[in-house]
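These are the residues of each chain, in order.
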Amino acid sequence: MRILRTVADVRSAVRAARAEGRTVGLVPTMGAFHEGHLSLIRAARAGTDLVVVSLFVNPTQFGAGEDLTAYPRDEARDAELAAGAGADILFAPAVDEVYPHGFATSIHVSGITDVLCGATRGPGHFDGVATVVTKLLQIVAPDTAYFGQKDAQQVLVVRRVVRDLDIPVRIEACPIVREPDGLAMSSRNVYLDAGARARAAHINRALDAAEAAVAAGETDAAAVVAAARSVLDAAGIEPEYLELRSAGDLAPVDTVDDAALLAVAARVGAARLIDNRILEAHA
Ligand code: PAF
């Protein structure tokens with residue numbers, strides 16, 4: 001695996017692969033790899049010929065007072081893990097390679113960014129995500145780009161950018177990878193002390209409770225959300241949001257029939273955690 005730092009070097013490596021008729025996969029990341037990231041890299045390895053993993057802690061998607069400086073960084077460890085999972089190139093640019101002096105462009109997706117993390121983290125978060133992902137898609141020009149379904153709203157935002165800007169790439173959303181007790185893997189789980197770590201597992205249990213309610217025939221959105229909420233309440237977790245929305249466009253839903261996204265964000269100890277579940281009523 002090669003570590004490349006510049007846009008020009010990545011473009012030249014991709015050009016050489018294309019000249020040999022090879023397909024290209026991109027896994028955009030901010031590093032601090034866990035099994036969730038490695039599952040994306042393995043999916044890219046299985047699906048494409050040249051696997052490019054980007055490692056860039058993108059400053060523009062962090063709000064004031066968020067964890068940009070504390071965000072875990074260990075490039076040497078990440079490089080070893082990425083190589084082991086099958087990456088060919090680790091693109092790890094400096095901030096001024098991505099945002100050179102005078103950088104003045106931002107991609108804003110309206111509507112679906114007004115709710116959930118867009119509402120709680122502020123509109124700048126998804127502007128930062130959309131802008132950096134658009135840049136990475138332009139730089140690498142992959143056939144397929146791989147994202148984790150844990151960031152369900154991010155996947156929808158990226159799909160919308162790709163559709164609206166006619167970017168010729170297939171977006172593949174890969175399943176959430178969980179710890180044995182169900183906690184969704186996240187780079188931010190390292191912020192959890194032992195007590196918070198134990199409580200954090202209740203987020204997935206809350207989603208389980210909602211899913212069980214739907215499986216038992218409940219279709220009223222408020223009742224489904226209440227089933228999840230009671231698990232969070234019992235664990236002393238106050239969600240930033242716990243909402244059931246259409247999985248396609250994040251519109252509010254009153255009943256669960258077509259695919260609905262139950263999305264949750266909560267601060268547990270020092271970590272802000274997100275998780276979600278697609279719920280579908282079966283006739
Ligand atoms: O999901 C992430 O790690 C980031 O939001 C992404 C997609 C790499 C953009 O910085």
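So, how was this worked out
- Residues numbered from 1 in each chain as written.
- Predicted model: local features only at pLDDT ≥ 70, side-chain atom pairs only at ≥ 80, totals over all residues.
- Heavy atoms only, no water.
- 1 Å grid on protein atoms, 1.4 Å probe; cavity = no way out; pocket = protein on both sides within 12 Å on 5 of 7 lines; lining within 4 Å.
- Points joined across faces, edges and corners; volume = space filled by probe spheres on them.
- Helix = DSSP H or I, 4+ residues; strand = E, 2+ residues; numbered from the N terminus.
- Nonpolar A, V, L, I, M, F, W, Y, C, P; charged D, E, K, R; others polar.
- Pairing = 2+ DSSP bridges.
- Axes fitted to C-alpha atoms, helices over the stretch in contact; angles between N-to-C directions.
- Contact = heavy atoms within 4.5 Å.
- Phe/Tyr/Trp six-rings, centres within 6.5 Å; stacked < 30°, edge-to-face > 60°.
- Buried < 20%, exposed > 50% of the residue type's maximum accessible area, 1.4 Å probe, protein only.

Novice: Quick question: what am I supposed to make of empty space enclosed by the protein here?
Specialist: The rolling of a water-molecule-sized probe over the atoms marks out the regions of remaining empty space. All chains considered together, the criterion is met by one cavity of 30 Å³ or more. What the largest cavity holds in volume is close to 40 Å³. If you go around the largest cavity, the residues you meet are Lys150, Leu183, Ala184, Ser186, Asn189, Ile203, Leu273, Ile274 and Asp275. By residue number, the principal contributor to the lining of the largest cavity is strand S9 (residues 271-279), which donates three residues. Classifying every residue of the lining of the largest cavity gives five nonpolar, two polar and two charged.

Novice: I'm lost on the sheet that holds strand S7 (residues 239-246) in this one. Help?
Specialist: Strands in a sheet are paired, the pairing made by backbone hydrogen bonds, and the direction either parallel or antiparallel. Here three strands make up an open sheet; going across it, the order is S7-S8-S9 and the pairing antiparallel. Pairing within the sheet leaves two strands with one partner each, and these edge strands are S7 and S9. Sheet twist, expressed as the mean angle between neighbouring strand axes with direction ignored, is 10°. Two elements, S7 and strand S8 (residues 260-268), share seven bridges in a ladder whose sense is antiparallel. Note on S8: the bridge partner recorded for proline 239 is alanine 266. Along the sheet face, helix H9 (residues 221-234) touches S7, S8 and S9 and points at about 150° away from the line of S7.

Novice: Even after reading the chapter, I still don't get the packing of aromatic side chains, so can you show me in this structure?
Specialist: Under the counting rule described, the total for this entry stands at three aromatic pairs. Their ring planes at 45° and their centres at 6.1 Å tell us that phenylalanine 56 and tyrosine 99 sit as a pair that is tilted. A residue pair is termed long-range when its members are at least 10 positions apart, and phenylalanine 56 in the loop between strand S3 (50-55) and helix H3 (75-85) and tyrosine 99 in the loop between helix H4 (95-98) and helix H5 (117-121) qualify at 43 residues. We note that phenylalanine 56, like tyrosine 99, is buried. Arranged with centres 4.9 Å apart and planes meeting at 80°, the rings of tyrosine 99 and phenylalanine 103 form a pair that is edge-to-face. Classification of phenylalanine 103 as partly exposed rests on a relative accessible area of 32%. Here the aromatic residues Phe56, Tyr99 and Phe103 are joined through ring pairs into a cluster of three or more.

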